[in-house]
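Below, each chain spelled out in residue letters.
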2 protein chains.
Amino acid sequence: MNWPFTPDDTPDEVIDHEASVWGPLAAAARELVDACVMSDVDEGEVRAARADIESAVARLNASRREKSLGLTHSPAGRRRPWGNPVIGLRNPAAPPLEVTSTPDGRAESTFHCGAAFEGPPGLVHGGVVSMLLDQVLGHAVGAGGRPGMTGTLTIVYRQGTPLGDLQARAWVDRREGAKTWAKGHIIGPDGITAEAEGVFILPRAVRERLDAHEAAGGPTPEMRVFD
Amino acid sequence: MNWPFTPDDTPDEVIDHEASVWGPLAAAARELVDACVMSDVDEGEVRAARADIESAVARLNASRREKSLGLTHSPAGRRRPWGNPVIGLRNPAAPPLEVTSTPDGRAESTFHCGAAFEGPPGLVHGGVVSMLLDQVLGHAVGAGGRPGMTGTLTIVYRQGTPLGDLQARAWVDRREGAKTWAKGHIIGPDGITAEAEGVFILPRAVRERLDAHEAAGGPTPEMRVFD
């Protein structure tokens, strides 16, 4: 894989400003996603809402990026996983999760899944459960200093995960060469609903850079999860 | 689990009409989700777009459903998994997948994942890969006549799944009592990118109904996947 490592030297204040522009846009669109599945208005209002949305789309698409956000905002600079479907500031499909992590390889998040995440009646879609766990396990792995792409992921569903306020936790279980094993779970009002175990693999290009860095005695660069 | 089986006797023409109202709304909102991650317009236009979106949200939220779509549209009637985050007609966060299936327990879908599904640069998020596979495996299981909720799901990632046009396939591997094992994969331009195996469990309430139905010699009711 040709991993893109274009340096990203955007100053913090520019990034903060961009976040203040795009974040509220995505937040409004996130409310719209929920409204699309929960609205009960009449046909005329649905059409009027659609016209509003089409106006917004026309404005935003008047100029489009050449590359997706992941290809532009490289992990070499301050992280901007803004397009990420689980945690992305600019992604209206993301709940979004805010994940906190510690250098000992632990990550956790308290989040909300509304009606747009429903699978079985009243419950979070089983696939969404696996998606969220993949992200939080990946965070734990990255926080531990050796980020990786998911190699395998196993989810065991213990009970239905009710829509609403939820928690996710993950931790690094062990490491061996380029591989890191992580475990985690989602917690609902009645306890653990699903458990996950994953193997995350550090891509060779990143491994070589990390090794060179460590051999030179420099501090390990901030290299977290690949979103 | 208290599975809701309220009969749904909505006539086909009403359902078709509702689809013609809500489908285009969600399609416009889906374009908006993509525009939120791909737009490159200036601040003023972002603010104007946000105002358009807020107008749409206010219109749609003027009247909201009491229950989520899953709780209202029961699997006992013609299926309307409209809120589903993978296949939902009314869900702007869904790609959406159109899944075709056959009674021998096979399911497949050709679909598109754009920038809003990006994890690693240029690639579909590993968690999204697992989410899509969960859905397609569940379809295969349901198409085989004994639907189920996901019990365990294992994904093996063979290579990155590039954003763009993709295919997914799944099939029933074997059955034992209330459990059905299914397998499947996602195919990208360079072949299989990820493989899945899952165990799906038929909830007891549904099993009892199916058994009673079969014992009475009646045709097996159309009972597909639980989305």
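Scroll up for the structure.
This write-up is about the structure you can find in this document. (Residues numbered from 1 in each chain as written. Chains lettered and ligands numbered in written order. Predicted model: local features only at pLDDT ≥ 70, side-chain atom pairs only at ≥ 80, totals over all residues. Heavy atoms only, no water.)

Considerations on the nonpolar core
If you look at the biggest cluster of nonpolar residues, it comprises 77 residues, and the most contacted ones within it are Leu132(A) and Leu132(B). Excluding residues that lie within four positions of it along the chain, Leu132(A) makes contacts with Val86(A), Pro95(A), Leu97(A), Phe111(A), Cys113(A) and Ile186(A). Formed by 30 residues, the second largest nonpolar core is a distinct cluster that contains Ala49(A), Ala29(B), Ile53(B) and Ala56(B). (Core = buried A, V, L, I, M, F, W, Y, C linked by side-chain atoms within 4.5 Å. Buried < 20%, exposed > 50% of the residue type's maximum accessible area, 1.4 Å probe, protein only. Contact = heavy atoms within 4.5 Å.)

Some details on the interface of chain B and chain A
Counting from both sides, the interface comprises 80 residues of chain B and, opposite them, 80 residues of chain A. For the pair chain B and chain A, the summed buried surface comes to about 7,200 Å²; carbon and sulfur atoms form 65% of the total. Of all residues in chain B, Cys36(B), Met38(B) and Arg59(B) give up the largest surface area on contact with chain A, accounting jointly for 8% of the area buried on that side. At the boundary of chain B with chain A, the tally comes to 6 salt bridges. With its nearest N and O atoms 3.0 Å apart, the salt bridge here joins Asp52(B) to Arg59(A). Seen at the junction of chain B and chain A, the total is 36 residue pairs in polar contact (both at pLDDT 80 or more). The leading source of residues in the side of chain B that touches chain A is helix H1 (residues 12-38) of chain B, at 15 residues. Bridging between strand E3 (residues 149-157) of chain A and strand E3 (residues 149-157) of chain B involves 5 bridges; their strand directions are antiparallel. Its bridge partner lying in E3(B), Leu153(A) is registered against Ile155(B). (Buried area = accessible area lost by both parts, 1.4 Å probe. Salt bridge = Lys/Arg side-chain N within 4 Å of Asp/Glu carboxyl O. Polar contact = N/O pair within 3.5 Å; in protein donor to acceptor, adjacent residues only side chain to side chain. Helix = DSSP H or I, 4+ residues; strand = E, 2+ residues; numbered from the N terminus. Pairing = 2+ DSSP bridges.)

A short note on the packing of aromatic side chains
The tally for this structure, following the rule as stated, stands at 0 aromatic pairs over all chains. The ring of Trp82(B) has Arg80(B) sitting right over it, with the charged end atom 5.6 Å from the ring centre. (Phe/Tyr/Trp six-rings, centres within 6.5 Å; stacked < 30°, edge-to-face > 60°. Lys NZ or Arg CZ within 6 Å of the ring centre and 35° of its normal.)

A few points about the pattern of salt bridges
Considering all chains together, one arrives at 20 salt bridges over all chains under this definition. Across the salt bridge formed by Arg64(A) and Asp34(B), the nearest N and O atoms sit 2.9 Å from each other. Of the two residues, Arg64(A) is situated in the loop between helix H2 (43-60) and helix H3 (69-72) and Asp34(B) in helix H1; the pairing between them involves two chains. Here Arg106(A) ties to Asp104(A) by a salt bridge, and the two come within 3.9 Å at their closest N and O atoms. Residue classification places Arg106(A) among the partly exposed residues on the basis of a relative accessible area of 47%. Because the salt bridges share partners, they merge into one network encompassing Glu45(A), Asp52(A) and Arg59(B).

Some remarks on the sheet that holds strand E6 (residues 191-201) of chain A
Spatially, E1(A)-E2(A)-E4(A)-E5(A)-E6(A)-E3(A)-E3(B)-E6(B)-E5(B)-E4(B)-E2(B)-E1(B) is the arrangement adopted by the 12 strands of the open sheet, whose pairing is antiparallel. Where the open sheet ends on each side, the last strands, each with one partner, are strand E1 (100-102) of chain A together with strand E1 (100-102) of chain B. Strand-to-strand twist of the sheet, defined as the mean angle between neighbouring strand axes without regard to direction, takes the value 15°. The sheet contact formed by strand E5 (residues 179-188) of chain A and E6(A) spans 10 bridges and is antiparallel. The residue bridging Lys183(A) from the neighbouring strand is Glu197(A), located in E6(A). Across the sheet, helix H4 (residues 126-143) of chain A touches E1, strand E2 (106-113), E3, strand E4 (164-176), E5 and E6 of chain A together with E3 of chain B, and the angle it forms with E3(A) is around 130°. Helix H4 (residues 126-143) of chain B contacts E3 of chain A together with E1, strand E2 (106-113), E3, strand E4 (164-176), strand E5 (179-188) and strand E6 (191-201) of chain B of the sheet and is inclined by roughly 130° relative to E3(B). (Axes fitted to C-alpha atoms, helices over the stretch in contact; angles between N-to-C directions.)

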